[in-house]
Amino acid sequence: MKRILGASLGTVVALGGLASFAPAGQAATAGGKGGRTHVVRPGHSIQKAVDRARPGDVIKLKAGRYDGGVLIRKRLTIRGAGDRTVVRPGRKDHCRKAGVPGNGFCVVGRAKHPVRGVTIKSLKVERFKDTGVFGTYTDRLTVTHVLAARNGEYGIAEFNSTRGAFVHNRAIDNRLDAGLYVGDIRNARGTVVAHNHASGNAIGVLVRHARHVKVYGNKLVGNCTGVVLADDGQKGGQGHTKVWKNQVEKNNRFCPGQGPVPPLGGTGILLFGGDHNSIEKNTVKGNRGKLPYSGGIVLFPSPAQRPAKHNLIKFNLVRGNAPFDLVDNSGSGTNRFRHNSCGTSRPNGLCHR
């Protein structure tokens, strides 16, 4: 939590020189929409294929093991063969060149010059010191059908980025931080975190210092906390995020505090400050802990003591959480609780029976 992601004969002839120039185990062929497809086989370098590729190309990874630390600065699709394509730390970390070492894939742009349209899909990325898939200054970064497991900080994360899509991924046992993270941008412009499974992480989904994020259809089970929306005190705060139709159950691990980040445990959905967020139609069950902000859906001031305000909590099924299903200790009287099915609340009267 230190920072609380087959061509025609004519085409074959035209590309013959390019294909013969590729190292053994790699080949380039015509791809869809004007791009080429580069095939990389186990034991060969993903980074070399990335460096050789043109914007719009596809890099296809066969089943097997590959070295990570792959630096991406242009529009590409990297596609594996599902969990049989495994990316782990190797001999050389190319992400170090961009100042972000320890990541499996790092997509790195610059302020006002984001890397646009990168897609990473259908592979497993694991055991990196920092993050499985990391993006900073990106636009439309898509990560889908990726298993991000046992990484030191985050599973999949984007910083300073817009219009990301983290969809149909699994984030497992990224124990020091979040399975899925969006943060450090005032307007994330419709970033979507949807239909993922996160378990064994400190936080299933974390949205910190970001606005206009959509979090829906996720299964968040067995983390220290299922969902956290956090205002960390930076200018712009956190808000205008919609969290709906998620299954948030038994997030009862305990994570000790680290520096300014307090301990976590036994919370389903936690708002640490934040404003104008909408928490709707979630199923929040069996989240039980003994911290001041343990419980089902909990509104609490941020670590910087900013209140959670103007948030809407409605039509949620919140049962079997402890010490309470709903907690409004937000520091503000502006939050609205509407038609939530629950058994206990603090203060009394927040449940719709």
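Structure shown above.
Residues numbered from 1 in each chain as written. Predicted model: local features only at pLDDT ≥ 70, side-chain atom pairs only at ≥ 80, totals over all residues. Heavy atoms only, no water.

Turning to the state of the cysteines, a few remarks are in order. Applying the stated rule across the entire model yields three disulfides. Here C95 engages in a disulfide with C106; their sulfurs sit 2.1 Å apart. Between C95 and C106, the S-S torsion sits near -110°, and that sign places the bridge as left-handed. Taken as a pair, C95 in the loop between β7 (85–88) and β8 (105–108) and C106 in strand β8 lie far apart in primary sequence, eleven residues in all. (Disulfide = S-S within 2.5 Å. Helix = DSSP H or I, 4+ residues; strand = E, 2+ residues; numbered from the N terminus.)

Here the focus is the pattern of salt bridges. All chains considered together, the criterion is met by twelve salt bridges. Ionic pairing is found between R36 and D57, a salt bridge with its closest N-O pair at 3.3 Å. With a gap of 21 residues between them, R36 in strand β2 (residues 36–40) and D57 in the loop between α2 (46–52) and β3 (58–61) connect regions that are remote in the sequence. Like D57, R36 is buried. Ionic pairing is found between D184 and R208, a salt bridge with its closest N-O pair at 2.9 Å. Taken together, the positions of D184 in strand β17 (residues 178–185) and R208 in strand β20 (residues 203–210) put the pair 24 residues apart, joining distant regions of the chain. R208 shares its class with D184; the two are buried. Where salt bridges share partners, they join R88, K124, E126 and R150 into one cluster. (Salt bridge = Lys/Arg side-chain N within 4 Å of Asp/Glu carboxyl O. Buried < 20%, exposed > 50% of the residue type's maximum accessible area, 1.4 Å probe, protein only.)

Ordered by their spatial adjacency, eleven strands build an open sheet running β5-β8-β11-β14-β17-β20-β23-β26-β29-β32-β35, and the pairing between neighbours is parallel. The outermost strands of the open sheet, each flanked by one partner alone, are β5 (70–72) and β35 (345–346). Note that strand β23 (residues 225–230) and strand β26 (residues 267–272) share five bridges and pair parallel. Note on β26: the bridge partner recorded for A230 is F272. (Pairing = 2+ DSSP bridges.)

Here we come to the side chain of Q47. With respect to the helices, strands and loops of the structure, Q47 is situated in helix α2. Looking at Q47, the relative accessible area reads 6%, which means it is buried. With near-sequence residues (within four places) excluded, Q47 lies in contact with G69, V70, L71 and H94. (Contact = heavy atoms within 4.5 Å.)

In terms of burial, β23 is largely enclosed, as six of its six residues are buried. Taken together, the five bridges between β20 and β23 define a ladder with parallel strand orientation. If you follow V205 over to β23, its bridge partner there is V227.

The subject of this paragraph is the nonpolar core. I59, I72, F105, I120, I269 and I297 are the most contacted members of the largest nonpolar core, which has 59 residues in total. Residues in contact with I297, not counting those within four places in the same chain, are I269, I279, V284, I313, N316, V318, D325, L326 and V327. If you look at the next biggest cluster of nonpolar residues, it comprises 26 residues, including F134, A178, A202 and I203. (Core = buried A, V, L, I, M, F, W, Y, C linked by side-chain atoms within 4.5 Å.)

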